[in-house]
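Analysis of the macromolecular model
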Amino acid sequence: MAYYSQFHHRLFLALIVFLPLFLSSTTDASEPRQKTILMRSGWQTVNIGDIGHTPGTLRYLETYLPDVRVILWLHKTTDEITAMLRKRFPKVQIVQGRLNARGKANNPEFQKAFDEADLFLYNSGMHFNQFWPPPIYIIEACTVTKKPFCLYGQSFDGFAPEDEEKMSKLLSRAAAIYTRDVESFYYLRKIGVASPSLAFGPDGCFGTDVRDDEISSAWLKKHDLKPKEFITVTLRSNTPKIGAKKSTSMNPANPSKEDLAQNELWTKKLRAVITSWVRKTKKKVLLAPEVNKEILHAKTMIFDKLPADVKPYVVNRDPFWNVDEAASVYAQAIAVVSMEPHSCILALAVGTPTMHLASPRHGLKRWMFRDIGLSEWLFNIDVDPSSQFTRALLKIDANPDLAKSKVNRSMHTVNTRSKEMMGELKEILNQQ
């Protein structure tokens, strides 16, 4: 009996020690491994559109892929931007570094993030074109490591004819390509891109929900800009970026006579809209920068040249701002009138009507507003008369409920398609 009791006592002790380990291993074996997405984003810190891509796409990932681990590879950031992202997305790991075409990173943390990723997501922009070297190394790194990749909400403004065949083959390796404008979709089809999933897919910035209502309200109050009693106007000029070392066709280091003439054409039309708006409504105007370089040019090309009776109604935003403060200001505006597309996107995301006064010079991305059903608020600033802009703006002011319904309709299109895109990304992850 003593031996029998000792045997059961030892068996009981063994069960206490080993049963939890057995159950844990059984549970682990039955639970699927958490999938990981590595997202490349954050192209500039001097452009609220390039800042806004990041929280926008992160929000869609958080909403529709809640069980997926997300690592954010930031190209550029500041302490302020990083703090904003950490506050809004505390679960997202943020890494920085460089990667070569063999999939080798320049620091251990980033290497671990790349190695653990089940899917590489290259966020919204217009990086694959003939105007600057496309990031082919990303495609090569994913190919070498057999990692699926997705190009999310991109515009494709064309490659040099001699590069089209090569780029078609490279882009065909993508598990999914979403073009934020339908013209880009047609172009990729024309050059033979055969990605398993090639379709229209909105810019990630549409998902942005970061806000800084406290700072924005204080700034608006300081400048006597009352909620829903002002519009914003955003300039895009042919001028170099602040501190830029290289010249590009869109930001010429030494603007030509044609560049300067175009600047005058654009700002003359913007001044005409502002003047008509102020004189007819007696409501205010905020010159709102999407890019920091435009603060100076908005003052010298627009504000300083306004009629004396109009100037008291106009405020030039200075200093530059983060995307959360800009979004909060746009939410208080009657309408956002912008030559830059991402101020328009941020406006729609917060429910504010918007008008995009686009120049074909700035690429295919302008067509995204047509493609979400807002053709009547899309204009060609090169050829359309300013009277058309003013007429559309006054219609928005006269019937805000109708304008709001158009915003809601367009955002329903955006959000429905974005949800579908996330579903496709989930299918790609499940195949890994």
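This one's a predicted model, so the numbers in the text were calculated from it and none came from an experiment. (Residues numbered from 1 in each chain as written. Predicted model: local features only at pLDDT ≥ 70, side-chain atom pairs only at ≥ 80, totals over all residues. Heavy atoms only, no water.)

**Some thoughts on the overall build of the chain**
Counting secondary structure elements, the chain contains 15 helices and 13 strands. Here the chain holds 432 residues, and the buried ones make up 55% of them. Carbon together with sulfur atoms contributes 56% to the accessible area of the chain, which is approximately 19800 Å² in total. Computed over 58 positive and 46 negative side-chain charges, the inter-centroid distance for the chain is 1 Å. (Helix = DSSP H or I, 4+ residues; strand = E, 2+ residues; numbered from the N terminus. Buried < 20%, exposed > 50% of the residue type's maximum accessible area, 1.4 Å probe, protein only. Areas by Shrake-Rupley, 256 points an atom, 1.4 Å probe, with all protein chains shown as cover. Lys, Arg positive; Asp, Glu negative; His and termini not counted. Charge placed at Lys NZ, Arg CZ, Asp CG, Glu CD.)

**Observations concerning the sheet that holds strand β1 (residues 36-41)**
The strand order β3-β2-β1-β4-β5-β6-β7 describes an open sheet built from 7 strands, whose pairing is parallel. Two strands in the sheet have a free side with no partner beyond their single neighbour: β3 (93-95) and β7 (198-200). Strand after strand, the sheet turns through a mean of 20 degrees between neighbouring axes, direction not considered. Pairing geometry for β1 and strand β2 (residues 69-74), over 6 bridges, is parallel. The residue of β2 that forms the bridge with L38 is I71. Its contacts with the sheet place helix α7 (residues 182-190) against β5 (149-154), β6 (176-179) and β7, and it is angled at close to 160 degrees to β7. (Pairing = 2+ DSSP bridges. Axes fitted to C-alpha atoms, helices over the stretch in contact; angles between N-to-C directions. Contact = heavy atoms within 4.5 Å.)

**Some remarks on the pattern of salt bridges**
With the rule as written, the count across this model stands at 25 salt bridges. The partner of R173 in a salt bridge is E140, with the nearest N and O atoms 3.4 Å apart. Placement of the pair is R173 in the loop between α6 (164-171) and β6 and E140 in helix α5 (residues 136-144), with a sequence separation of 33 residues. The residue E264 makes a salt bridge to R271 at a minimum N-O spacing of 3.0 Å. Residue E264 is classed as partly exposed on the basis of its relative accessible area of 34%. Counted as one network, the salt bridges with shared partners bring together R59, E62, R88 and D209. (Salt bridge = Lys/Arg side-chain N within 4 Å of Asp/Glu carboxyl O.)

**Brief notes about the pairing of β2**
Among the 6 residues in β2, 5 count as buried, and that is most of the element. Running through helix α2 (residues 48-64), the crossover from β1 to the neighbouring parallel element β2 is right-handed. Alignment of β2 against β3, held across 3 bridges, turns out to be parallel. Bridged to W73 within β3 is V95. Running through helix α3 (residues 79-88), the crossover from β2 to the neighbouring parallel element β3 is right-handed. (Right-handed = clockwise from strand over helix to strand, strands pointing away.)

**Let's talk about the nonpolar core**
Counting 92 residues, the largest nonpolar core has I274, M355 and L425 as the members making the most contacts within it. With 9 residues, the top contributor of residues to this core is helix α15 (residues 400-430). Not counting chain neighbours up to four residues away, the residues in contact with M355 comprise V336, V337, S338, C344, W377, F379, F389, A392, L393 and I396. Counting residues in each nonpolar core, the second largest holds 33 residues, with W73, F110, L170 and A174 among its members. (Core = buried A, V, L, I, M, F, W, Y, C linked by side-chain atoms within 4.5 Å.)

**Some remarks on the environment of W219**
When you line up the elements, W219 lands in helix α8 (residues 213-222). Of the residues examined, W219 reaches a relative accessible area of 11% and is grouped as buried. Between the alpha carbons of W219 and R317 there is a distance of 9.7 Å; along the sequence they are 98 residues apart. If we skip the residues at most four places from it in the chain, W219 touches L225, L286, V315, R317, D318 and E325.

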